[in-house]
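# Structural characterization, general
Listed below are the residues making up each chain.
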Amino acid sequence: MASFEAPYLRWLKDFNLTLLPSLVSIRTDMDRSYIKTQLRSSDLTTNGILPQFEKYFLFNRYYDLTWNLTRSLVLTYHAQANAIIDEPAGDINTQAKRDSIINSIKHLGRMKNFVQDIRATYRLPLDKIPLLDWIAADASYRVGYQFQANSYGIVDSLGVPFGNVIRNEREQGITGRVDLIRLYNKIRYLRFANTPAPVRKNFARNPGDVEDIVRGDSKILKNFTRALLTVRGINFSYNLLESTILPGFLPTPKFFGLSAENAPGLGFVLGSQDHSIAYKAAQKGWLSPSTVQNTAFQQNITKKFTASTTLEPFKDFRMQINWRLDRTDAYQEYYRPGSQGGPFETQTPVRSGQFSMSFWSFRTAFKGLRSDNSSVLFDSLESYRNYFSQKLNAAAREGNRAGTYDLNAQDVLIPSFFAAYSGQKKEKAKFSPFYNFPLPNWQVTYNGISGLGFIRKYFSAFTINHSYSSTYSVGNFISNLDYGAAYVNLSVQNFGVGTLTNQLNQFVPIVAMSTITMSEKFAPMIGVQFQTKNRISGQLAYNQSRDVALSLSNAQVAELSNKDLTASMGFTRQNFRIPFRINGAYKKLKNDLTFSLALTFRDTRTIQRKLDAEQIVTAGNVNFQLRPQISYIVSKRLNFNLYFDRTFNDPLVSNSFKRATTAGGVQVKFNLAE
């Protein structure tokens, strides 16, 4: 065992294998209901009246297993089988009927629903490897399988059964943290930047004492090095979920989700996402040959990625950064014979999905509107169309594709919109609306200004805030029915260029996009929170947001912008002196008096912009709000509240009117509960 003491073999030393599971559970229950209703005639006889029966016999089974294979690897298994014991019609009053029920019980009934879930979680042994102990990660793997029987004996008009439905899932995920401080500490030159300064000794030496003086590291060099190592750690998570739904499945599972003929195969039960499973099942005779099968074969993929980190380049400065990406793709087709007795064929294949990710659009955030509400960015979009249409038409000619791209074609508008509103150079814009990696958003807080002499004199706390978030998203997209499964199935990751044309000889895209959206928020652009020495707290913030959506169905851009300035302050005082005389003398309030004031100035507007047409403000207003309030607690039972609310709206459209509201009053609350 001495050889396992080496640092790089520590993970093998800690590896242990548990030969027996920690939990095994098998539970069954039977539920039988038998109701016989016998009606009688007016002469109290049953002649000519048959009894009515309502009955069911359920046989449910549950299986659970938990196995800690190692300290880091845990395996769980759960299955649930819901079966029906078929009973002969009428009374069970003959031996043949009783034998039929007993025989059905022996065969565990007729399977109605079977659900199976297998999950494994594993803590990667990176902390046991010296070169990688600064990384921690947990991996998970889950597969699910379900068999759902159709209604008993249901067939189409030709007597062909519709079959059952089976589905499976496969989920893979990894979460972890990268501790860069541990990595920096492995480098001797960088280790001192993360080491606290030694405590200075505070004593006087006697004459003759000998003591070595340790020269401290340069504070400037240490701070500079720490600023270079500002990334302290990264948290990340990635999850991939895949699923398949196969209708028309004829066999019935017996054990572990498999039938006697090993259908649908161990791979499908264990989460395989084979795109050709429907074709293989049809070749083996597992699918119903009904020509009117009305449930589609479906496959789905969902990807989610998130990451975050915190930067601390210098004292009192903190910056939180995050990334996010979500994409969902779905594919469906009707896989059935085109005619009775004919071969199976793919009918109406459709690909759909959604996409969103964190993004940068701040390069165009401050390009405001002109006095007539026209936009420089929208003008750029219109002008970029010529560049991209010429580029696409040139590529079509080089590829010997007969067709044209006009100025409002989808493949022209998408890169034009992206380049104009993201601020990217048009030469670098992609034709595909899908991007591989998200860009970071952030939140910044800075408390260092509270250390300045003037601020420290009057304020006990003073914080500056800033936040930026932007999301780029592709709304519901769906494939064009003119393209076959080879163009749109889930094995196709990047959609190619269109090859078909419409009646106007214009290229038809493989996938039709509904909307492309950029949503951006500075919340706040700049904000200040403070508390004075005499306990007055307040905040001041300027916020700005915009939502820009390109509608590809009608070649329009909708812009929703919002700018607001908010301020608030308040304080709570005890023994507050009333600023006027009562009976010739100034009085003081013994209990807490609370004062708050909120002020908001907001400009909101929605503009509809049509390409090569007018640009109209469809909604919007300038809003002002002033809300002071005074509250006084007389006792545990009695509270007074004095409030005032002034709101003013100045609309930006002609179908609305200016509106001003004023409200104020006194509220008295008396609590009878005590």
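As shown above, the structure is provided for reference.
If you're wondering where the values come from, they're calculated on a predicted model, not measured in any experiment.

It is worth spelling out the overall build of the protein at this point. Along the backbone of the protein there are eleven helices and 24 strands. When burial is assessed residue by residue, the protein has 36% of its 674 residues classed as buried. At a minimum sequence separation of 6, the contacts of the protein that also span at least 24 residues come to 68%.

Moving on: the environment of arginine 61. Relative to the helices and strands, arginine 61 is located in strand 2 (residues 52-68). The spacing of arginine 61 and alanine 83 is 22 residues in sequence and 8.3 Å in space, taken between C-alpha atoms.

With that settled, consider helix 9 (residues 410-422). Over its 13 residues, helix 9 runs 18 Å from end to end, which matches the ideal 18 Å to within 8%, given 1.5 Å per residue. Counting buried positions along helix 9 yields 13 of 13 residues, so the element is predominantly enclosed.

Another point: the pairing of strand 3 (residues 73-84). As paired strands, strand 2 and strand 3 are joined by eleven bridges and run antiparallel to one another. Bridge assignment links tyrosine 62 to a residue of strand 3, and that residue is glutamine 80. Taken together, strand 2 and the strand that follows it, strand 3, pair antiparallel across an intervening segment of four residues. Where strand 3 and strand 4 (residues 110-123) come together, twelve bridges link them in antiparallel fashion. What sits directly across from valine 74, in strand 4, is threonine 121.

What follows covers the packing of aromatic side chains. Counted under the stated rule, the structure contains 35 aromatic pairs. The interplanar angle of 85° and the centroid separation of 5.6 Å between the aromatic rings of phenylalanine 459 and phenylalanine 530 together place this pair among those described as edge-to-face. In this pair, phenylalanine 459 sits in strand 12 (residues 459-479) while phenylalanine 530 sits in strand 16 (residues 515-532), placing the two residues 71 residues apart along the sequence. Look at phenylalanine 530 and you get partly exposed, because its relative accessible area is 24%. These aromatic residues form a ring-pair network of at least three members: Phe355, Phe359, Phe418, Phe434, Tyr435, Tyr472, Phe477 and Phe495. Of note, arginine 27 hangs over the ring of tyrosine 62, and the distance from its end group to the ring centre comes to 4.1 Å. The ring of phenylalanine 434 carries arginine 327 above its face, with NZ or CZ at 4.2 Å from the centroid.

Counting across every chain of the model gives 24 salt bridges. Lysine 55 serves as the salt-bridge partner of glutamate 87, at 3.7 Å between the closest nitrogen and oxygen. Of the two residues, glutamate 87 sits in the loop between strand 3 and helix 2 (95-106) while lysine 55 sits in strand 2, which places them 32 residues apart along the sequence. With a relative accessible area of 18%, glutamate 87 lands in the buried category. For lysine 55, a relative accessible area of 25% puts it in the partly exposed group. Several salt bridges converge on common partners, so that one network encompasses Asp117, Arg142, Glu169 and Glu171.

On the surface, a cluster of nonpolar side chains totalling about 470 Å² of accessible area is made up of Ile630, Val634, Phe640, Leu642, Val666 and Val668. Of all the secondary structure elements, the ones that give two or more residues to the nonpolar patch are strand 23 (638-651) and strand 24 (659-670). Residue placement: isoleucine 630 occurs in strand 22 (residues 615-633). Residue isoleucine 630 is classed as partly exposed on the basis of its relative accessible area, which comes to 32%.

Glancing now at the pairing of strand 21 (residues 593-610). Strand residues, when the strand is regular, have side chains that alternate between the two faces of the sheet. Pairing of strand 18 (residues 556-573) with strand 21, which is carried by 18 bridges, proceeds in the antiparallel orientation. Residue pairing in the sheet places leucine 565 in a bridge with phenylalanine 601 of strand 21. Where strand 21 lies against strand 22, 17 bridges are found, and the strand directions are antiparallel. Note on strand 22: the bridge partner recorded for isoleucine 607 is valine 617. In this antiparallel pair of consecutive strands, strand 21 and strand 22, the connection spans four residues, and aspartate 612 shows a positive phi of 60°.

Quick look at the nonpolar core now. The biggest cluster of nonpolar side chains holds 62 residues, and the ones touching the most others in it are Phe417, Tyr421, Tyr472, Val474, Met513 and Ile516. Leave out the neighbours within four places in its chain, and tyrosine 472 touches Phe355, Ser356, Met357, Phe359, Phe418, Pro433, Tyr435, Ile516, Thr517 and Met518.

Mapped onto the elements, serine 288 comes out in the loop between helix 7 (277-283) and strand 8 (297-311). Owing to a relative accessible area of 4%, serine 288 belongs among the buried residues under this scheme.

Here the focus is the packing of helix 8 (residues 376-398) against helix 9. Between helix 8 and helix 9, whose axes approach to 8 Å, the crossing angle comes to 135°. As the angle between them shows, helix 8 and helix 9 are arranged oblique. For the pair helix 8 and helix 9, the sense of crossing is right-handed. The residues of helix 9 that touch helix 8, namely those facing Leu377, Phe378, Ser380, Leu381, Tyr384, Arg385, Phe388, Ser389 and Leu392, are Asp411, Val412, Leu413, Pro415, Ser416, Phe417, Ala419, Ala420 and Tyr421.

How each quantity is defined
- Residues numbered from 1 in each chain as written.
- Predicted model: local features only at pLDDT ≥ 70, side-chain atom pairs only at ≥ 80, totals over all residues.
- Heavy atoms only, no water.
- Helix = DSSP H or I, 4+ residues; strand = E, 2+ residues; numbered from the N terminus.
- Buried < 20%, exposed > 50% of the residue type's maximum accessible area, 1.4 Å probe, protein only.
- Contact = heavy atoms within 4.5 Å.
- Expected span 1.5 Å × (residues − 1).
- Pairing = 2+ DSSP bridges.
- Phe/Tyr/Trp six-rings, centres within 6.5 Å; stacked < 30°, edge-to-face > 60°.
- Lys NZ or Arg CZ within 6 Å of the ring centre and 35° of its normal.
- Salt bridge = Lys/Arg side-chain N within 4 Å of Asp/Glu carboxyl O.
- Patch = residues over 30% accessible without salt bridge, like charges linked within 9 Å, V, L, I, M, F, W, Y side chains within 5 Å.
- Areas by Shrake-Rupley, 256 points an atom, 1.4 Å probe, with all protein chains shown as cover.
- Core = buried A, V, L, I, M, F, W, Y, C linked by side-chain atoms within 4.5 Å.
- Axes fitted to C-alpha atoms, helices over the stretch in contact; angles between N-to-C directions.
- Parallel < 35°, antiparallel > 145°, perpendicular 65-115°, else oblique.
- Left-handed = near helix turned anticlockwise from the far one by under 90°.

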